[in-house]
Amino acid sequence: MNIAPILLKDGYKVGHKFQYPEGTTLVYSNLTPRKSRDADIQEVVFFGMQYFMEEYLIRQFNEHFFRLPKAQVLEMYARRMDNYLGKDSIPYQHIADLHDLGYLPLEIKALPEGTLVPMRVPFFTIRNTKPEFFWLTNMLETLLSAILWKPSTSATTAFRYLKTFTRFARETVGEDMGFVPWQGHDFSFRGMSGVEDALLSGAGHLLSFAGTDTIPAIDFLEQYYGADSTKELVGGSVPATEHSVMCMGTEDAEIETFERLITTVYPAGIVSIVSDTWDFWQVITDFLPRLKDKILARDGKVVIRPDSGDPVKIIAGDPDAPAGTPEHKGAIECMWEIFGGTITPQGYKLLDGHIGLIYGDSITTERQEAILGQLKAKGFASYNVVLGIGSFTYEYVTRDTFGFAMKATYGEINGVGRSIFKAPKTDDGTKNSAKGLLQVFTDPATGKLALKDECTWDEEAQGELQTVFRDGKITQSHTLADIRARIQASLEKELAASDAAVLA
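Residues numbered from 1 in each chain as written. Predicted model: local features only at pLDDT ≥ 70, side-chain atom pairs only at ≥ 80, totals over all residues. Heavy atoms only, no water.

Looking at an unreviewed UniProt entry, the protein carries the name Nicotinamide phosphoribosyltransferase, with the source organism given as Chitinophaga caseinilytica. Quoted verbatim from the Sequence similarities (unreviewed entry) heading of the UniProt record, the comment on the protein is "Belongs to the NAPRTase family." Regarding the protein, the relevant UniProt record gives this comment under Pathway (unreviewed entry): "Cofactor biosynthesis; NAD(+) biosynthesis; nicotinamide D-ribonucleotide from 5-phospho-alpha-D-ribose 1-diphosphate and nicotinamide: step 1/1." (UniProt positions renumbered as here; feature names shortened; annotations may be inferred.)

Draft legend 1. Main features of the UniProt feature "domain: Nicotinate/nicotinamide phosphoribosyltransferase" (unreviewed entry) in the protein. In this structure's numbering, the residues bearing the UniProt feature "domain: Nicotinate/nicotinamide phosphoribosyltransferase" (unreviewed entry) are residues 184-472. The distance separating the terminal C-alpha atoms of residues 184-472 is 38 Å; by composition the span is 34% helix and 21% strand. (Helix = DSSP H or I, 4+ residues; strand = E, 2+ residues; numbered from the N terminus.)

Draft legend 2. Structural view of empty space enclosed by the protein. Applying the stated criterion to the full structure yields 2 cavities of 30 Å³ or more. Lys9, Lys13, Val14, His16, Lys17, Tyr20, His94, Trp135, Asn138 and Met139 together form the lining of the largest cavity. A breakdown of the residues in the lining of the largest cavity according to their chemical character gives 4 nonpolar, 3 polar and 3 charged. A volume near 50 Å³ is recorded for the second largest cavity. Taken together, Phe46, Met49, Gln50, Met53, Ala110, Leu111, Glu113, Val468, Gln476 and His478 make up the lining of the second largest cavity. Take the lining of the second largest cavity: its biggest share by element is 3 residues, from helix α1 (residues 49-66). (1 Å grid on protein atoms, 1.4 Å probe; cavity = no way out; pocket = protein on both sides within 12 Å on 5 of 7 lines; lining within 4 Å. Points joined across faces, edges and corners; volume = space filled by probe spheres on them. Nonpolar A, V, L, I, M, F, W, Y, C, P; charged D, E, K, R; others polar.)

Draft legend 3. Broad picture of the packing of aromatic side chains. Overall, the coordinates contain 24 aromatic pairs when judged by the stated rule. Relative to Tyr56, the ring of Phe52 has its centre 5.8 Å away and its plane inclined at 25 degrees; by these criteria the two rings are stacked. Taken together, the residues span about one helical turn, with Phe52 and Tyr56 both in helix α1 at a distance of 4 residues. Considered together, Phe52 and Tyr56 belong to a single accessibility category, that of buried residues. (Phe/Tyr/Trp six-rings, centres within 6.5 Å; stacked < 30°, edge-to-face > 60°. Buried < 20%, exposed > 50% of the residue type's maximum accessible area, 1.4 Å probe, protein only.)

Draft legend 4. Geometry of unusual backbone geometry. Although it is not a glycine, Ser362 adopts a positive phi angle of roughly 55 degrees. Note on placement: Ser362 falls in the loop between β12 (355-359) and α15 (365-377). Positive phi, close to 50 degrees, is recorded for Asn414, a residue that is not glycine.

What follows is the structure, encoded as structure tokens:
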């Protein structure tokens with residue numbers, strides 16, 4: 001993309017500079033998740049700001065604005081505005097002034113990325129640092145919102161998957177949590193709304209998990225979040241087939257394709273084989289028993305991948321199917337009857353380590369809960385399955401899933417402050433904004449973040465929001481390791497709270 005970042009905004013933004021009261025010297029705004037559309041999620045994982053600052057506020061503004069000749073920038077801007085709104089309809093001296101300055105005169109104060117943020121608590125505040133550039137603060141609203149809502153939403157969804165996998169692991173496996181990071185595997189790339197969307201969402205997934213098929217999400221985290229895949233596990237996967245591979249082997253020779261894959265192509269290690277190209281239950285009840293000795297002789301795991309049907313019924317069984325049939329038992333019970341396995345410290349069946357199952361079609365958090373819950377009820381540990389989390393999860397969301405909005409709450413006219421807010425009488429309260437200067441603090445009674453508005457400047461300078469960007473430079477950064485540590489701390493905190501509630 002080679003579009004000047006000064007144009008990455010909604011059309012109505014171009015005129016706001018001239019609409020503010022005369023003498024405006026400061027605009028102070030924030031971005032906040034206002035309301036969850038999911039009753040089970042009342043806190044959102046903050047993620048994506050560091051990417052936004054490095055990619056847009058620094059690289060793109062430098063390369064496509066500040067480092068270009070001023071005449072070229074003004075000609076470009078004037079051409080677009082003349083075509084868009086009518087010739088000479090918008091003055092652009094303020095654009096020339098910004099170019100002359102040579103950097104973005106802004107201060108952003110944000111929470112650490114990876115922080116779990118309650119509804120109606122701001123992720124960050126943003127304000128201009130030079131009075132003549134008051135218009136810049138909210139000009140960036142469009143871009144900030146467009147970039148940040150998705151990685152935060154995906155990171156939040158991934159964290160919910162993580163909590164559920166961890167809960168069932170504790171209940172059915174025991175203390176060993178080592179497999180949990182691999183139980184949620186990102187299958188979403190092809191179904192996302194473009195490459196940047198896939199990278200932002202895929203990186204959000206990797207805050208909670210290690211399994212991914214979105215390869216460039218690893219590069220994204222190395223480029224923007226200090227990760228190094230040669231020194232740490234950023235993301236990984238295993239060799240896996242697709243339907244074209246199985247089809248090319250022909251239906252009549254499908255078992256030969258299985259055998260060739262596990263003995264010749266991948267004689268050791270993990271290999272995932274899509275198994276429903278024709279008859280999944282034939283694979284389970286016929287092919288696997290015939291290949292049992294070869295599977296058990298391998299130094300590695302053969303992972304069976306169903307890819308159609310109702311995942312709950314396919315994996316854990318259909319109670320409405322005729323008793324004793326593979327459909328009634330489900331794939332895991334059938335595989336247990338063939339391969340056996342071990343009993344976990346919690347007393348649940350865990351398949352022999354040479355065989356496993358992954359399912360990645362139309363998985364949702366509700367289906368995850370149902371699959372793991374039904375397996376548990378039948379005496380099977382959660383570690384028997386890996387779930388592929390795709391675009392059905394990560395793309396069926398909007399900015400309104402958690403009500404993200406950026407609003408101004410404070411301004412100054414000729415240097416005199418005024419608190420501003422919106423409170424529409426026709427709304428249910430969702431769109432009510434905070435008022436004045438803001439402080440985010442940790443509530444000692446709950447241990448959670450909370451908001452104090454109508455602060456003094458001294459109060460605003462304290463609290464959890466820390467300066468991360470000022471006058472064209474990033475002043476504080478976070479690594480993937482930092483963020484994952486915060487995610488893990490939040491997980492442990494929630495588990496401890498859950499344990500305490502049970503004991504009470």
